[in-house]
Amino acid sequence: MGKRYSILIAGCGSMSNLWVEYVKEREDAHIIGLVDLYEATARAMAERHGLSCPVFSNIEEALASTSPDIVFDITVPASHYHISRAALSHGCHVFSEKPLAESMDQCLEIVELASRQGRTHAVMQNRRFDPRIRAYKDLIQSGAIGQPGFIGADFFLGPHFGGFREAMESPLLLDMAIHTFDQARFLSGANPETVYCQEFNPPGSWYAGNAMAVCIFEMSDGTVFNYRGSWCAEGAQTSWEAAWRVTGSKGTAIWNGFDEVYAEVVADQEGAGQFSRKLERVEGIIPEMSKTGHHGCLENMFASLEAGTKPETDGSDNIYSMAMVLGALESARTGRKVKISEFMGQPRG
């Protein structure tokens, strides 16, 4: 099979290994260049994976020299706006690590530029591509619990990263919460309408900034999503996928973030006069998935290119997950409920 997709990789840190490994599994794709501020890092990546492509320290030079079809942006968040603008302006598709960009204006500009150029800009949201969350979504959408009204997610972990995260002003919201927020959008199929958030740094925290947050989102389908998160929780920790509860008009669906996916639903619809109604347990059915996580998300991106459709995590969709993060930060800063549509503003023409 011919090499249909030529790929330039921007950012050669540890995360890029997952992306390179995926490309090497595809018969129709090849890596034609590596970009990193430190060329030695790019050369080390090439040697590690047996790549014979050139290396660069400048994205513009790399684009001009290689003319790729797709740019993988695996750089630090502060570089995403610059890399995406450069790649899209050269007519490339962009598959990017999260976040889309660091500000709402930058996010909107990238999405609009991709649309004008007729190119795909997609964001890595690997937690969607997990058979357990797919089972959980199927259980909710089956109607077993009736009409959902509340979504709750608890995220309590205590990682001692060291480095830049421990110096950030809002490490939890800025670096991690987008995963859980995007999961909530995936489960509900709805977008945020308002958010009220309080972030703080509790006793015992080893972070300089606010490592804990409580958020209340009103969603476009009428549900309320409540996020409780901490990155300095020692003991009784949740999964990195969070612990979930969705309550509906007929029952409740639970996913503990590990392997337990089930619902408890009203068994006797005629027992409305009873103090406690009889319940029955409905098990979630976990599907088979050939590729999960990062590789599952990349598979969806490439399949969408081939089909001429938008990937599940296209920037035009992912911008609403970013709005949840940035809107929550604005609410915490101002102490008021934020209306997401006003916060996002009107797209530029």
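In what follows, the structure referred to is the one given above.
Everything numeric in this text was worked out from a predicted model, so none of it was measured.

About the criteria used
- Residues numbered from 1 in each chain as written.
- Predicted model: local features only at pLDDT ≥ 70, side-chain atom pairs only at ≥ 80, totals over all residues.
- Heavy atoms only, no water.
- Helix = DSSP H or I, 4+ residues; strand = E, 2+ residues; numbered from the N terminus.
- Rg over C-alpha atoms; globule rule 2.2 N^0.38 Å.
- Buried < 20%, exposed > 50% of the residue type's maximum accessible area, 1.4 Å probe, protein only.
- Contact = heavy atoms within 4.5 Å.
- Phe/Tyr/Trp six-rings, centres within 6.5 Å; stacked < 30°, edge-to-face > 60°.
- Core = buried A, V, L, I, M, F, W, Y, C linked by side-chain atoms within 4.5 Å.
- Pairing = 2+ DSSP bridges.
- Axes fitted to C-alpha atoms, helices over the stretch in contact; angles between N-to-C directions.
- Right-handed = clockwise from strand over helix to strand, strands pointing away.
- Parallel < 35°, antiparallel > 145°, perpendicular 65-115°, else oblique.
- Left-handed = near helix turned anticlockwise from the far one by under 90°.
- Nonpolar A, V, L, I, M, F, W, Y, C, P; charged D, E, K, R; others polar.
- Polar contact = N/O pair within 3.5 Å; in protein donor to acceptor, adjacent residues only side chain to side chain.

Draft legend 1. Representation of the overall build of the chain within the structure. Secondary structure summary: the chain contains eleven helices and 15 strands in total. Taken over the C-alpha trace, the chain has a radius of gyration of 21 Å; the compact-globule value for 349 residues is 20 Å, and the two agree within 12%. In terms of overall dimensions, the chain has a C-alpha envelope of 75 × 45 × 45 Å along the principal axes. Split into buried and exposed, the 349 residues of the chain put 55% on the buried side. A separation of at least 24 residues holds for 69% of the contacts in the chain among residues at least 6 apart in sequence.

Draft legend 2. How the structure looks around the packing of aromatic side chains. Scanning the entire structure with this criterion turns up 16 aromatic pairs. Arranged with centres 5.9 Å apart and planes meeting at 25°, the rings of Phe 72 and Phe 95 form a pair that is stacked. Residue Phe 72 is located in strand β4 (residues 70-73), and its partner Phe 95 is located in strand β5 (residues 93-96); the two are separated by 23 residues in the primary sequence. Judged by relative accessible area, which is 0%, Phe 72 ranks as buried. Considering the side-chain rings of Phe 95 and Phe 302, the 5.3 Å spacing of their centres and the 85° angle between planes classify their relative orientation as edge-to-face. With Phe 95 in strand β5 and Phe 302 in helix α9 (residues 293-307), the pair connects residues that are 207 residues apart, well separated along the chain. For the pair Phe 95 and Phe 302, a shared accessibility class is recorded, and that class is buried. Site record: aromatic cluster; members linked through ring pairs are Tyr 5, Trp 19, Tyr 22, Phe 72, Phe 95 and Phe 302.

Draft legend 3. Structural view of the nonpolar core. Within the largest apolar cluster, 77 residues are counted, with the highest numbers of intra-cluster contacts made by Leu 100, Tyr 136, Phe 181, Phe 217, Phe 225 and Trp 244. Here this core gets eight residues from one element, more than from any other, and that element is helix α10 (residues 315-334). Tyr 5, Val 23, Met 45 and Phe 302 belong to the second largest nonpolar core, which has 28 residues in total.

Draft legend 4. Summary view of the sheet that holds strand β9 (residues 212-219). Ordered in space as β14-β13-β12-β11-β7-β10-β9-β8-β15, the nine strands form an open sheet in which the pairing is mixed. Each edge of the open sheet is held by one strand with a lone partner, namely β14 (279-283) and β15 (338-339). Most of the contacts of helix α6 (residues 131-141) go to strand β12 (residues 251-255), to which it runs at about 175°, and overall it touches β7 (148-156), β11 (243-248), β12, β13 (261-266) and β14. The sheet strands contacting helix α8 (residues 177-188) are β7, β8 (192-200), β9, β10 (224-230), β11 and β12, and the helix crosses β10 at an angle near 155°.

Draft legend 5. Seen up close, helix α1 (residues 16-25). Among all positions of α1, only Ser 16, Asn 17, Trp 19, Val 20, Tyr 22 and Val 23 are buried. Looking at the packing, one finds that the buried side of α1 touches β1 (5-10), β2 (29-35), α2 (39-49), β4, β5 and α9.

Draft legend 6. Representation of the pairing of β2 within the structure. Among the seven residues of β2, six are classified as buried, and the element is accordingly described as predominantly covered. With α1 bridging β1 and the parallel β2, this β-α-β connection has right-handed handedness. Direction of pairing for β2 relative to strand β3 (residues 55-56): parallel, over a ladder of two bridges. The residue bridging Val 35 from the neighbouring strand is Phe 56, located in β3. Read as a crossover between parallel neighbours, the route from β2 over α2 to β3 is right-handed.

Draft legend 7. Layout of the packing of α1 against α2. One can describe the packing of α1 onto α2 by two numbers: an axis separation of 11 Å at closest approach and a directional angle of 40°. The angle between α1 and α2 falls in the class oblique. Between α1 and α2 lies a crossing whose hand is right-handed. Every residue of α2 that contacts α1 at Ser 16, Asn 17, Val 20, Glu 21 and Lys 24 is listed here: Met 45, Arg 48 and His 49. Among the residues making up the contact of α1 with α2, the classes are represented as two nonpolar, three polar and three charged.

Draft legend 8. Just the side chain of His 49, in detail. Its place among the elements puts His 49 in helix α2. Classification of His 49 by relative accessible area gives buried; the value is 11%. For His 49, the side chain forms a polar contact with the side chain of Asn 17, separated by 2.8 Å. Contact partners of His 49, with chain neighbours within four places excluded, come to Asn 17, Val 20, Glu 21 and Lys 24.

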